[in-house]
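So you can see what is in the structure, the chains are spelled out below.
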Amino acid sequence: PPLLPIALVGEAILGQTAIAVQHFNAELAHLAEQMSACMEAAKGVGIAAPQVHSPLALFIMASRPNERYPDAPNMAPVVVVNPQIINVSSELVSGEEGCLSVPGQRFTIQRHQAIEVRYQNLQGEWQQTELTGFIARIFQHEFDHLQGITLLERSL
Ligand SMILES: O=C(O)C[C@@H](Cc1ccccc1)[C@H](O)SCc1ccccc1
Ligand SMILES: [Zn+2]
């Protein structure tokens, strides 16, 4: 099946607040599958539903070592639904980020080093955990997408 087209910065959907997911059904699981395929094809470590023109509060995050973050952990893709950031560290770290919606560009972005988060999985079960480092960075990047915020608004 073809990959979903990726919204580019400037398209309205990337500037909108995402809508809470209410129905944890097969359709949601199918969307998550399509998003994972897009992320893998783009060699990304994250992708948010608005980037594939869906208004839902849903993203995928993964992690693997890459040239910018050679010590990044290997983490299998995680589906994050209706996320909340409930605590953030005062410590900020600067790092380089890319965005599938701003192709070919890299930005230096400050993020919280550690965050406490709460989200639902594809079955609607609430998870709560603390994230640090590169994975915390990815979560914050994708969470921004669900608030209609892209790197361009955060770039130093
Ligand atoms: O647009 C997206 O959400 C995918 C982003 C994910 C990302 C978040 C934080 C820091 C870096 C990337 C990227 O396009 S995925 C491509 C990539 C992978 C590793 C490092 C930099 C860029
Ligand atoms: Zn992005």
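Residues numbered from 1 in each chain as written. Chains lettered and ligands numbered in written order. Predicted model: local features only at pLDDT ≥ 70, side-chain atom pairs only at ≥ 80, totals over all residues. Heavy atoms only, no water.

Student: Kindly report on the site of ligand 1, identifying the contributing residues and their values.
Tutor: Near ligand 1, the surroundings consist of 16 residues, among which Q51, R68, L100, H141 and E142 are the closest. In this structure, L100 approaches ligand 1 through a main-chain N or O atom, which is 2.8 Å from an oxygen atom. Between ligand 1 and E142, the relevant distance is 2.8 Å, taken from an oxygen atom to a side-chain nitrogen or oxygen of the residue. Here ligand 1 has 480 Å² of accessible area as a free molecule, and 96% of this is covered by the chains. The pocket occupied by ligand 1, as judged from atoms lying within 2 Å of grid points, is the largest pocket. By residue number, the principal contributor to the shell around ligand 1 is helix α2 (residues 133-146), which donates 4 residues. For the shell around ligand 1, a count of residues per class yields 4 nonpolar, 7 polar and 5 charged. (Near = heavy atom within 4 Å. Polar contact = N/O pair within 3.5 Å; in protein donor to acceptor, adjacent residues only side chain to side chain. Areas by Shrake-Rupley, 256 points an atom, 1.4 Å probe, with all protein chains shown as cover. 1 Å grid on protein atoms, 1.4 Å probe; cavity = no way out; pocket = protein on both sides within 12 Å on 5 of 7 lines; lining within 4 Å. Sits in = over half its atoms within 2 Å of the grid points. Helix = DSSP H or I, 4+ residues; strand = E, 2+ residues; numbered from the N terminus. Nonpolar A, V, L, I, M, F, W, Y, C, P; charged D, E, K, R; others polar.)

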